[in-house]
Protein chains: 2
Amino acid sequence: MTTPGEQMQADVLAILRRRNVALSAYKVLEALRDAHPKIAPPAVYRALSSLTSKGQAHRVESLKAYVACQSKVHASASILSICESCGYVEEHLAGEVVEAVSHVVAETGFSSQHHVIEVHGICAACNARMPAPEGVGAGGSPQ
Amino acid sequence: MTTPGEQMQADVLAILRRRNVALSAYKVLEALRDAHPKIAPPAVYRALSSLTSKGQAHRVESLKAYVACQSKVHASASILSICESCGYVEEHLAGEVVEAVSHVVAETGFSSQHHVIEVHGICAACNARMPAPEGVGAGGSPQ
DNA sequence: CAGGAGTATGTTACATTATAACATTACACA
DNA sequence: TGTGTAATGTTATAATGTAACATACTCCTG
Ligand SMILES: [Zn+2]
Ligand SMILES: [Zn+2]
Ligand SMILES: [Zn+2]
Ligand SMILES: [Zn+2]
């Protein structure tokens, strides 16, 4: 018998790492059914909660979904860029931006604890794939 | 000059404006029952969708809730600061921060369209109310 | 080893948030 | 008046997330 909790977290993290696309908790659950046929939502949420609290995964608030952390050191918060066309999510170091945000809100006496910085737009690959600025339906194959 | 859900949107906006605290769509729905006894979720979501698309209200992604816009002009995106103690939400101009975020993600060829910038922490009033750094239960009266 | 506290995991049921799909109404205008 | 379109109402359900309790397992203590 392998240690259950660690195994679950490792399996969830492996699923999230397959592609840099955000997965909903229930998509993760489906993907887990291979290894854990009887799995139920609380187990997935517990694993995701552990992973996110350790910084090994992040919840993409504006997508209600989760991605694996892409940062090696993960200093402070990060910026997540989300491609509206292919779903690709990329993590960017945000040290200076976090400083700037904290500074802005500090002007009204607010003390910052946790930052959520997400950007929706079009990734480099999709920009290259559809250079036309004219109304083009979003349908590129995911990266 | 009867734009879509004019009355409904006005009622929703009035509810959101009562206090600068984020309300879930279902809290809004409850508050609407006075004026609209038979209201159902889709009507609320339609009104919220219209208001947010016009910039008169914002969805607080990290709270799954909604606030009235506090900006007069609402140039570009804004920063929402969210007090973990009293729930007070404040909107801040974010022009330079949006620039900085866009610049960071542009380094990988990402073109920004929509920004989500939210900060959790403690507001000035709650900081003043609980100066002790020792374990104090959060229970201040909302602003 | 027995008992038991404490933790981790499994299970059930439910709460909350959001939308799909279709019915009905209101109104503009031929 | 009919008829098309947009708005609104209604029903049902999907999607996301948690509370609450059951079970198991772990590590002491005696
Ligand atoms: Zn990370
Ligand atoms: Zn893309
Ligand atoms: Zn605003
Ligand atoms: Zn406060």
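These remarks concern the structure in this document.

What counts, and where the lines are drawn
Residues numbered from 1 in each chain as written. Chains lettered and ligands numbered in written order. Predicted model: local features only at pLDDT ≥ 70, side-chain atom pairs only at ≥ 80, totals over all residues. Heavy atoms only, no water. Helix = DSSP H or I, 4+ residues; strand = E, 2+ residues; numbered from the N terminus. Contact = heavy atoms within 4.5 Å. Areas by Shrake-Rupley, 256 points an atom, 1.4 Å probe, with all protein chains shown as cover. Buried area = accessible area lost by both parts, 1.4 Å probe. Salt bridge = Lys/Arg side-chain N within 4 Å of Asp/Glu carboxyl O. Polar contact = N/O pair within 3.5 Å; in protein donor to acceptor, adjacent residues only side chain to side chain. Least-squares fit on C-alpha atoms with pLDDT ≥ 70 in both. Phe/Tyr/Trp six-rings, centres within 6.5 Å; stacked < 30°, edge-to-face > 60°. Buried < 20%, exposed > 50% of the residue type's maximum accessible area, 1.4 Å probe, protein only. Pairing = 2+ DSSP bridges. Lys, Arg positive; Asp, Glu negative; His and termini not counted. Near = heavy atom within 4 Å. Axes fitted to C-alpha atoms, helices over the stretch in contact; angles between N-to-C directions. Parallel < 35°, antiparallel > 145°, perpendicular 65-115°, else oblique. Left-handed = near helix turned anticlockwise from the far one by under 90°. Nonpolar A, V, L, I, M, F, W, Y, C, P; charged D, E, K, R; others polar.

## Observations concerning the overall build of chain A
Secondary structure summary: chain A contains five helices and five strands in total. Going from N to C terminus, chain A has its helices and strands arranged as α-α-α-β-β-β-β-α-β-α. Put simply, of all contacts in chain A between residues at least 6 apart along the chain, 47% involve residues at least 24 apart. Of the roughly 7700 Å² of accessible surface on chain A, 54% is carried by carbon and sulfur atoms.

## Thoughts on the interface of chain A and chain B
At the interface, 35 residues of chain A touch 35 residues of chain B. Each partner contributes to the roughly 2800 Å² buried at the junction of chain A and chain B, and carbon and sulfur atoms together form 63% of this total. Considering only the side of chain A, the residues that lose the most area to chain B are Phe110, Val116 and Val119 of chain A, jointly responsible for 19% of the buried surface there. The tally of links from chain A across to chain B stands at zero salt bridges. Joining chain A to chain B, the criterion identifies twelve residue pairs in polar contact (both at pLDDT 80 or more). The set of elements that each furnish at least two residues to the side of chain A that touches chain B consists of strand E3 (78-83), strand E4 (89-93), helix H4 (95-106), strand E5 (111-122) and helix H5 (124-129) of chain A.

## Observations concerning the relation of the copies chain A and chain B
Each of the two copies of the chain can be brought onto the other by a rotation about an axis and a shift along it. You can overlay chain A on chain B at an RMSD of 0.2 Å; the transform is a turn of 180° with a shift of 0.0 Å along its axis. On this basis, the relationship between the two copies can be described by a two-fold rotation axis. Among all C-alpha atoms of chain A, that of Ile117 of chain A lies closest to the rotation axis, at 2.3 Å. Mapped onto chain B, 100% of the interface residues of chain A are again interface residues, and the two copies thus contact each other with one and the same surface.

## Describing the packing of aromatic side chains
Two aromatic rings are characterised by how far apart their centres lie and by the angle between their planes. All names here are of chain A. Going through the model one piece at a time under the given rule, you end up with two aromatic pairs over all chains. Here the aromatic rings of Tyr26 and Tyr45 are separated by 6.3 Å at their centres, their planes lie at 65°, and the arrangement is edge-to-face. With a gap of 19 residues between them, Tyr26 in helix H2 (residues 25-32) and Tyr45 in helix H3 (residues 41-53) connect regions that are remote in the sequence. On the basis of relative accessibility, which here comes to 38%, the residue Tyr45 falls in the partly exposed class.

## Remarks on the pairing of strand E3 (residues 78-83) of chain B
Residue and element names in this part refer to chain B. Counting buried positions along E3 yields six of six residues, so the element is predominantly enclosed. Of the two faces of E3, the one lined by Ser78, Leu80 and Ile82 and the one lined by Ile79, Ser81 and Cys83 are each fully buried. With five bridges connecting them, E3 and strand E4 (residues 89-93) associate as antiparallel partners. Among the inter-strand pairings, Ser81 is bridged to a residue of E4, identified as Glu90. Hairpin connection between E3 and E4: a loop of five residues separates the two successive antiparallel strands, and Gly87 in this loop has a positive phi of roughly 85°. Alignment of E3 against strand E5 (residues 111-122), held across five bridges, turns out to be parallel.

## Quick look at the side chain of Glu118 of chain B
Along the polypeptide, Glu118 of chain B turns up in strand E5. Buried charge without a salt bridge: Glu118 of chain B, with Arg59 of chain B as the nearest opposite-charge side chain at an N-O distance of 7.0 Å. One polar contact links the side chain of Glu118 of chain B to the main-chain amide nitrogen of Glu61 of chain B, over a distance of 2.8 Å. Engagement of the side chain of Glu118 of chain B in a polar contact is seen with the side chain of Ser62 of chain B, the distance being 2.4 Å. The residues touching Glu118 of chain B, leaving out its near neighbours within four places in the chain, are His114, His115 and Val116 of chain A together with Arg59, Val60, Glu61, Ser62, Leu80 and Ile82 of chain B.

## Examining the protein's contact with DNA strand C
As a matter of local geometry, DNA strand C sits amid 14 residues, with Gly5 and Arg46 of chain A together with Tyr26, Tyr45 and Arg59 of chain B nearest to it. When atoms of DNA strand C within 4 Å of the protein are sorted by moiety, sugar and phosphate together comprise 36%. The side chain of Tyr45 of chain B places a nitrogen or oxygen atom 3.1 Å from a phosphate oxygen of DNA strand C. In this structure, Tyr66 of chain B approaches DNA strand C through a side-chain N or O atom, which is 3.3 Å from a phosphate oxygen. Counting residues per element, the ones that place at least two in the surface near DNA strand C are helix H1 (4-17) and H3 of chain A together with helix H3 (41-54) of chain B. With four residues, the single largest contributor to the surface near DNA strand C is H3 of chain B.

## Let's talk about the packing of helix H2 (residues 25-32) of chain B against H3 of chain B
All names here are of chain B. It is at 10 Å that the axes of H2 and H3 come closest, and there the two elements cross at 110°. Judged by the angle between their axes, H2 and H3 are roughly perpendicular. In the crossing of H2 with H3, the sense of the turn from one axis to the other is right-handed. For the pair formed by H2 and H3, the contact residues are Ala25, Tyr26, Val28, Leu29 and Leu32 on the first element and Pro41, Val44, Tyr45 and Leu48 on the second. Taken together, the residues of the contact of H2 with H3 sort by class into nine nonpolar, no polar and no charged.

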